[in-house]
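Fold and contact review
Read off the chains here:
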Amino acid sequence: MFAGLGYDVHRFKKGRKLILGGVEIASPKGLDGHSDADVLIHALMDALLGAAGLNDIGHFFPNTDPAYKNISSIKLLEIVYKELKKKSFKINNVDMTIIAEAPKIYPHIDQMKENIAKSIKTNKTRIAIKATTNEKMGFIGRGEGIGAMATVSISPSLRAKRGNPR
């Protein structure tokens, strides 16, 4: 079994949609980034890639490549999942935390789980998403942005156990 940890933050920017876990959330401002700036999915992708011993999302999806401009991070997650399948890994579980003062995240968690489960071909019962605040401390506490953390556990699939998954 292998574990991975991912972390991402983005600052708020007016004129952008707020996308978290592939869900558009009503907000006066969204997150700034080359893609849709979905911090939750970015943290998850880095955790999955790290667990598999692969490079980070900047390597796979450089912010200098116009092909990824405003792209849905859910689409990028599907590509990461295919990379894990190529290496014969299966996903055991995903545990994520969103850190934001606003907006309220809880009403959107079930749809986020659905989106992620579909993208990584995993039962949504193996996905945990929690939300917390930064208690008004730091840039997140001042409402300047949102952060996310993800931990994952992956294992070699049965096919890979006959050989070396890495």
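Up top is the structure.
Residues numbered from 1 in each chain as written. Predicted model: local features only at pLDDT ≥ 70, side-chain atom pairs only at ≥ 80, totals over all residues. Heavy atoms only, no water.

Quick notes on the overall build of the protein chain
- Counting its regular elements, the protein chain contains six helices and seven strands.
- For the protein chain, the α and β elements follow one another from N to C terminus as β-β-β-β-α-α-α-β-α-β-α-β-α.
- Whereas a compact globule of 166 residues would reach a radius of gyration of roughly 15 Å, the protein chain reaches 16 Å, a difference of no more than 12%.
- Overall size of the protein chain, expressed as C-alpha extent along the three principal axes, is 50 × 35 × 25 Å.
- Within the span of the protein chain, comprising 166 residues, buried residues form 49% of the whole.
- Here the protein chain displays about 8800 Å² of accessible surface, and carbon together with sulfur accounts for 52% of that area.
- Within the protein chain, the 16 negative side-chain charges are centred at a point lying 6 Å from the centre of the 26 positive side-chain charges. (Helix = DSSP H or I, 4+ residues; strand = E, 2+ residues; numbered from the N terminus. Rg over C-alpha atoms; globule rule 2.2 N^0.38 Å. Buried < 20%, exposed > 50% of the residue type's maximum accessible area, 1.4 Å probe, protein only. Areas by Shrake-Rupley, 256 points an atom, 1.4 Å probe, with all protein chains shown as cover. Lys, Arg positive; Asp, Glu negative; His and termini not counted. Charge placed at Lys NZ, Arg CZ, Asp CG, Glu CD.)

Structural notes on helix H4 (residues 109-119)
- Turning to H4, its buried residues are Ile-109, Met-112, Asn-115, Ile-116, Ala-117 and Ser-119.
- Looking at the buried positions of H4, the neighbouring elements they touch are strand S2 (18-20), strand S3 (23-25), helix H1 (39-51), helix H3 (73-86), strand S5 (89-99) and strand S6 (127-132). (Contact = heavy atoms within 4.5 Å.)

Notes on the nonpolar core
- One finds Leu-48 and Ile-116 to be the most contacted residues of the largest nonpolar core, which totals 47 residues.
- Those elements giving two or more residues to this core turn out to be S2, S3, H1, H3, S5, H4, S6 and strand S7 (145-156).
- Ranked by the residues each element gives to this core, the list is headed by H1, at ten residues. (Core = buried A, V, L, I, M, F, W, Y, C linked by side-chain atoms within 4.5 Å.)

Keep in mind these values describe shape, not function.
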